[in-house]
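Examining the three-dimensional arrangement
Okay, here's what each chain looks like letter by letter:
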Amino acid sequence: MWSGLGCSWRRNASVLVWTPILLIGPVVDLHGSAGAVAFQVALILVIAASAVAVGLTGGPPWRSVVAPVALSTMVAATFAGATYGRSLWLPTWVLLANALPAVLRGRWLLLAVPATGAASAWAAWTVSPHQGSRVYTETFVVLLAGAASAAFFALIDTVDELRRTRQELARAAVAEERERFSRDLHDLLGHTLSVMVVKAQAVRRLVSQDPDAAIAHAVDIEQIGRRALTDVRQAVDAMRAPNLSEELDGARRALDAAGISTTVERSGPAPAGRADELLAWVVREGATNVLRHSGASACRIAVADGEGEIRLTIADDGVGAPTAPTLRLGGLEGLRDRLAAVGGGLAVEGHGEGFRLVATVPERAP
């Protein structure tokens, strides 16, 4: 509540500032009997209190009932003051016009400002019925005050809206960056840890039968672990962009170590820039899926260039598509989002005799 009042009075500061200034005239124009003076003082206090209430509660989100009631009271008191037919009461119409945009907006404001101008013309006519210039001047000043206040309040509301939009965009950017980092970290470590698990299984199988081979796999585990630590440090600083050639070589070695005979075929010029990075992510995720889920004995990875796009195919002769409990939609969906962002695509085909992943990316991916 208090934070809302703080925003309102800052937005409606002009109403609060002009209230004492525009009520000086009625204060110095007190006249008549004691009862008449008391009534005039009461009107001035009502107008002042209503203007302050409008200034403190008017404005977005326009949920307070105090501001409309205060504005209605202010209108009634201003009309009552006009019945005295005294010129020093005319500034109260300017104050009313200045307060209208704090409460009204849209078509209601568009109707209220001219209506206030017409009412001020009537009040000026009752003061000086034979001075048309006085009436025109009063009407012009009131209309100008209403229009200027409406423009000022619209500017304030626009600035507030832009500020809120900027905050929302900042939050969205942070959320998007977190999602990107999570996806990249998943793709980065998922493959590495899978390779380490496969090699650890090979060490367990070979330690009693072929110690030398077991030692070689253990050395590979150590090297992969050190590289993973380096990759994580680089990911924290600025996500390390993978290289397609390195990923193809790493996937071949990891799959061979798992007993999956792997062939790598490349045709056409080597991808460059963003295309190279995206295809490297696909190789990493695809090889990880083959290691974890396929149960395959052979795998084929092909990179081909043609018709303005590069096509990467990873096919195995395993059990087909992963079952629902093991299908990691996060990884595949992450890849699909990456490729779609540059105009590429990702297709997966699973059947009883194998699984195939096909990724396409424009040669000049942005």
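Preceding this section is the structure that the text describes.
Quantities reported herein were computed from a predicted structural model and do not represent experimental measurements.

Description of helix α6 (residues 91–103)
Within α6, twelve of the 13 residues are buried, which leaves it mostly tucked inside the rest of the structure. Residues of α6 that are buried: Thr-92, Trp-93, Val-94, Leu-95, Leu-96, Ala-97, Asn-98, Ala-99, Leu-100, Pro-101, Ala-102 and Val-103.

Thoughts on the side chain of Thr-78
You can see Thr-78 is positioned in helix α5 (residues 66–82). A polar contact is formed between the side chain of Thr-78 and the backbone oxygen of Met-74, at a distance of 2.7 Å. Ignoring any residue separated from it by four or fewer positions in sequence, one finds Thr-78 in contact with Ile-47, Thr-92, Trp-93 and Leu-96.

As for the pairing of strand β3 (residues 309–316)
Among the eight residues that make up β3, six are buried, leaving the element largely enclosed by the rest of the structure. Across eight bridges, strand β2 (residues 298–306) lies against β3 in antiparallel orientation. Within the sheet, the bridge partner assigned to Cys-299 lies in β3 and is Asp-316. Between the antiparallel neighbours β2 and β3 lie two residues, among them Glu-307 with a positive phi of about 55 degrees. The pairing of β3 with strand β5 (residues 354–362) spans eight bridges and is antiparallel.

Thoughts on the packing of aromatic side chains
In the structure shown here, the tally under the stated rule is three aromatic pairs. Seen in terms of ring centroids, Phe-79 and Trp-122 are 6.1 Å apart; in terms of plane orientation they differ by 35 degrees. Their pairing is tilted. Taken as a pair, Phe-79 in helix α5 and Trp-122 in helix α7 (residues 106–127) lie far apart in primary sequence, 43 residues in all. Consider the rings of Phe-152 and Phe-153, whose centres lie 6.0 Å apart with planes at 85 degrees: the pair is edge-to-face. For Phe-153, a relative accessible area of 1% puts it in the buried group. Pairwise contacts between aromatic rings join Phe-79, Trp-93 and Trp-122 into one cluster. We note Arg-338 situated over the ring of Trp-281; from NZ or CZ to the ring centre the distance is 4.5 Å.

Points about the nonpolar core
Grouped together as the largest cluster of nonpolar side chains are 37 residues, with contacts concentrated most on Ile-47, Val-54, Met-74, Trp-93, Leu-95 and Leu-100. If you list the elements that add at least two residues to this core, you get α2 (13–22), α4 (34–57), α5, α6, α7 and α8 (132–206). Among the elements that take part in this core, α6 stands out by supplying nine residues, more than any other. In terms of nonpolar packing, the next biggest core, distinct from the first, is built from 34 residues, Ala-275, Val-282, Val-303 and Leu-357 among them.

Here we look at the pairing of β2
Direction of pairing for strand β1 (residues 261–266) relative to β2: parallel, over a ladder of six bridges. The partner of Thr-262 across the bridge, within β2, is Cys-299. Each parallel crossover has a hand, and for β1 linked through helix α11 (residues 273–294) to β2 it is left-handed.

Regarding a nonpolar patch on the surface
Nonpolar side chains collect at one region of the surface, where Ile-24, Val-27, Val-28 and Leu-88 lie side by side and expose about 350 Å² of accessible area between them. Position of Val-27 among the secondary structure elements: in helix α3 (residues 24–28). Owing to a relative accessible area of 43%, Val-27 belongs among the partly exposed residues under this scheme.

What counts as what
Residues numbered from 1 in each chain as written. Predicted model: local features only at pLDDT ≥ 70, side-chain atom pairs only at ≥ 80, totals over all residues. Heavy atoms only, no water. Buried < 20%, exposed > 50% of the residue type's maximum accessible area, 1.4 Å probe, protein only. Helix = DSSP H or I, 4+ residues; strand = E, 2+ residues; numbered from the N terminus. Polar contact = N/O pair within 3.5 Å; in protein donor to acceptor, adjacent residues only side chain to side chain. Contact = heavy atoms within 4.5 Å. Pairing = 2+ DSSP bridges. Phe/Tyr/Trp six-rings, centres within 6.5 Å; stacked < 30°, edge-to-face > 60°. Lys NZ or Arg CZ within 6 Å of the ring centre and 35° of its normal. Core = buried A, V, L, I, M, F, W, Y, C linked by side-chain atoms within 4.5 Å. Right-handed = clockwise from strand over helix to strand, strands pointing away. Patch = residues over 30% accessible without salt bridge, like charges linked within 9 Å, V, L, I, M, F, W, Y side chains within 5 Å. Areas by Shrake-Rupley, 256 points an atom, 1.4 Å probe, with all protein chains shown as cover. Salt bridge = Lys/Arg side-chain N within 4 Å of Asp/Glu carboxyl O.

It is worth stressing that arrangement in space is one thing and function is another; only the former is reported here.
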